[in-house]
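# Coordinate inspection notes
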Amino acid sequence: MQAIKIHGGVPLEGTIPISGSKNAALPLMTLSLLTNDRFILSNVPELADINTMKCLLEQHGASIHRLDNGNSYELKVEGLLSSEAPYDLVRKMRASVLVLGPLLAKYGQAKVSLPGGCAIGTRPIDFHLKALESLGAEINLKSGYVEAKVPKHMGRLKGGHIVFPSITVGGTENAMMAASLANGKTIIENAAREPEILDLANCLNLMGAKISGAGSSIITIEGVEGLNGINYKVLPDRIETGTYAIAAAITRGCLKLTNTDPNLLEAVIIALEASGVNIEVGEDFINIDTSKKIRGVDIQTEPYPGFPTDMQAQWMALMATADGAAMLTETIFENRFMHVPELVRFGANINVHGKSAIIRGSEDLSGAPVMATDLRASVSLVLLGLATHGTTVINRVYHLDRGYEKLEKKLESCGASIERINIK
Ligand code: EPZ
């Protein structure tokens, strides 16, 4: 097993280049199932989840090669080897369910393991399945698998009217991909508005799809006969950007974040400015300078463009060092406070009441041995370890490797004392 060891209390200073977005790259990779042409994706982050998606697509019959500059892949699916997404892959990464829409749209069948829950919640996929049924798919649940198929008499999926009961990012992505090759027009209401949805629609349209309204809550898709391969660049990771912005603030340092897009994380920037951080934004960079005291700022997680749930744990870590109190309410997932008992081990003063947590900032926190529980919780422990004097050892760092490319290297280059160690 590996752990990360940090000697904290050092203000970070320097420049961090932001990687491509994990949550954009994963659905974009599944687009390779919708065409038999070569499909090239660039700015793909080097992450455990990307490798899991690569294994899954290869299992379906994709040939995937990394191109020489490291962050570009060529994907090509000349024919379907298997329409099954097995439990051992899906349980490792829920985003595996995103092959459902493309497999149904292109090959008329799919057998995808139910993902099961994870640390942050039960995470059902009922909205995905209802949406695909609206497009004519027949869905059966058997022995932990979704068995989906397009009835023979239909030939391919048909356009339909989908109204999501509540906002779902993955559900919107599956529906949009499935509808792109359906026969007729599809309207998706109460669609997710995340930038990754817009990025996916942009890529699909360049492949020949006819999608309008992506980024708003109503998306219209005119199904087409087929899609071509293209060369597409993944957009910057807004959650990685927000995480390193908080790394600057929590260590009272100053960082320049490059290769990013400030427009992708306006709610986070507004909250940081309200807490007293000086922020300067440019077209593809953000300068964070923290010279004043950090004040407590209340936040509530919301679907985009609200404050992202994937930034909740990081915000809590910052508020644990603030001057004053802050209330933090999680409205998206039912169990996304697993980081609280670990942050309390640093001496943080946090009380959870249902979906809300009250954080009373303190200056006498100190490093501690802690345990990562999920991806974003694990990075909140890194952040507080960077901010507090003493030594922090974070166990189960495989959670971190799912979503943060070269984390230690990026932080070390800005003065952090951070290393990966092997433990028994
Ligand atoms: C995506 O997950 C992201 N993952 C998550 O990021 C992110 O936290 C989440 O969107 C919300 O923004 C990827 O993009 C790969 P949802 P997704 O469907 O699509 C409920 C990270 O750290 N729901 O928008 O799975 C669900 O339980 C990850 O990078 C249903 O009830 O999220 C949740 O409470 C964590 N039925 C809420 O909706 C469904 O069929 C939002 O889920 C689908 C979802």
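In this text the structure is predicted, and so the values were computed from the model without any measurement. (Residues numbered from 1 in each chain as written. Predicted model: local features only at pLDDT ≥ 70, side-chain atom pairs only at ≥ 80, totals over all residues. Heavy atoms only, no water.)

### A closer look at the pattern of salt bridges
Inspection of the entire model under this criterion finds 16 salt bridges. Between lysine 149 and glutamate 138 there is a salt bridge, with the nearest N and O atoms lying 3.0 Å from each other. Of the two residues, lysine 149 is situated in strand β9 (residues 145-149) and glutamate 138 in strand β8 (residues 138-142); the sequence distance between them amounts to eleven residues. For lysine 149, a relative accessible area of 41% corresponds to the partly exposed category. On the accessibility criterion, glutamate 138 (35% relative accessible area) is partly exposed. Across the pair lysine 410 and glutamate 240 runs a salt bridge whose closest N-O atoms are separated by 2.6 Å. (Salt bridge = Lys/Arg side-chain N within 4 Å of Asp/Glu carboxyl O. Helix = DSSP H or I, 4+ residues; strand = E, 2+ residues; numbered from the N terminus. Buried < 20%, exposed > 50% of the residue type's maximum accessible area, 1.4 Å probe, protein only.)

### Some details on the pairing of strand β17 (residues 286-289)
Of the two faces of β17, the one holding Ile286 and Ile288 is buried and the one holding Asn287 and Asp289 is not buried anywhere. Note that strand β16 (residues 278-281) and β17 share four bridges and pair antiparallel. The residue of β17 that forms the bridge with isoleucine 279 is isoleucine 288. Once β16 ends, the chain turns through four residues before running back antiparallel as β17. (Pairing = 2+ DSSP bridges.)

### A few points about the packing of helix α5 (residues 126-134) against helix α6 (residues 169-179)
Across the interface, α5 lies against α6 with an axial gap of 8 Å and an inter-helix angle of 20°. In terms of orientation, α5 lies roughly parallel with respect to α6. You can see that α5 and α6 cross each other, and the crossing is right-handed. Contacts between α5 and α6 pair His128, Ala131 and Leu132 from the former with Gly170, Gly171, Asn174, Ala175 and Ala178 from the latter. (Axes fitted to C-alpha atoms, helices over the stretch in contact; angles between N-to-C directions. Parallel < 35°, antiparallel > 145°, perpendicular 65-115°, else oblique. Left-handed = near helix turned anticlockwise from the far one by under 90°. Contact = heavy atoms within 4.5 Å.)

### Topic: the pairing of strand β3 (residues 39-42)
Taking every second residue as pointing to the same face, both faces of β3 are buried, with Phe39 and Leu41 on one and Ile40 and Ser42 on the other. As defined by bridge partners, β3 adjoins strand β5 (residues 73-76) across three bridges and the pair is classed as antiparallel. Paired with phenylalanine 39 across the two strands is leucine 75, which belongs to β5. Pairing geometry for β3 and strand β14 (residues 231-233), over three bridges, is parallel. What sits directly across from leucine 41, in β14, is tyrosine 232.

### Things to note about the sheet that holds β3
What the four strands build is an open sheet, ordered β4-β5-β3-β14; its pairing is mixed. Taken across any chain shown, the strands that pair with only one partner, and hence form the sheet edges, are β4 (63-66) and β14. With strand direction ignored, the average angle separating the axes of adjacent strands in the sheet is 20°. Here β4 pairs with β5 via four bridges, running antiparallel. Paired with isoleucine 64 across the bridge in β5 is leucine 75.

### Topic: the site of the ligand
Of all residues adjacent to the ligand, which total 21 residues, the nearest are Asp126, Phe127, Thr168, Asp310 and Ile332. Interatomic distance of 2.9 Å between a side-chain N/O atom of lysine 22 and an oxygen atom of the ligand. At 2.7 Å from an oxygen atom of the ligand is found a main-chain nitrogen or oxygen belonging to phenylalanine 127. Compared with its free state, where it exposes 830 Å², the ligand has 86% of that area covered by protein. Mapped onto the shell around the ligand, the elements with two or more residues apiece are α1 (22-30), α5, α6 and α12 (375-387). (Near = heavy atom within 4 Å. Polar contact = N/O pair within 3.5 Å; in protein donor to acceptor, adjacent residues only side chain to side chain. Areas by Shrake-Rupley, 256 points an atom, 1.4 Å probe, with all protein chains shown as cover.)

### Observations regarding helix α8 (residues 238-250)
Given a rise of 1.5 Å per residue, 13 residues ought to cover 18 Å, and the 18 Å separating the end C-alpha atoms of α8 matches this to within 8%. Put simply, aspartate 237 is the residue that caps the front of α8, since its side-chain oxygen is 2.9 Å from the backbone nitrogen of isoleucine 239. Once α8 finishes, arginine 252 follows within two positions and takes phi at roughly 55°, a positive value. (Expected span 1.5 Å × (residues − 1).)

### Let's talk about the packing of aromatic side chains
Summed over all chains, the structure comprises one aromatic pair. Relative to tryptophan 315, the ring of phenylalanine 307 has its centre 5.7 Å away and its plane inclined at 70°; by these criteria the two rings are edge-to-face. Lying over the aromatic face of tyrosine 145, lysine 111 brings its terminal NZ or CZ to 5.0 Å of the ring centre. (Phe/Tyr/Trp six-rings, centres within 6.5 Å; stacked < 30°, edge-to-face > 60°. Lys NZ or Arg CZ within 6 Å of the ring centre and 35° of its normal.)

### Section: the sheet that holds strand β24 (residues 417-422)
Across the sheet, which stays open at both edges, the four strands sit in the order β22-β23-β1-β24 with mixed pairing between neighbours. Of all the strands in the sheet, just β22 (369-371) and β24 have a single pairing partner and so form its edges. For this sheet, the mean angle separating the axes of adjacent strands, direction not counted, is 25°. Relative to β24, strand β1 (residues 2-8) runs antiparallel, the two sharing six bridges. Across the sheet, glutamine 2 pairs through a bridge with asparagine 422, a residue of β24. Across the face of the sheet, α12 comes into contact with β1, β22, β23 (390-395) and β24 while running at roughly 30° to β1.

### Quick look at the nonpolar core
Leu31, Met176, Leu204, Leu272, Trp315 and Leu407 are the most contacted members of the largest nonpolar core, which has 141 residues in total. When near neighbours in sequence (up to four residues on either side) are disregarded, leucine 272 contacts Ala245, Ile246, Ala249, Val277, Ile279, Trp315 and Leu318. (Core = buried A, V, L, I, M, F, W, Y, C linked by side-chain atoms within 4.5 Å.)

### Here we look at the environment of alanine 85
Positionally, alanine 85 belongs in strand β6 (residues 84-85). What alanine 85 contacts, discounting residues up to four positions off in sequence, is Leu56, His60, Val90, Val99, Lys111, Val112, Ser113 and Tyr145.

### Let's talk about helix α10 (residues 312-319)
Of all the eight residues making up α10, eight are buried; the element is thus mostly covered by neighbouring parts of the structure. Every buried residue of α10 is accounted for by Gln312, Ala313, Gln314, Trp315, Met316, Ala317, Leu318 and Met319.

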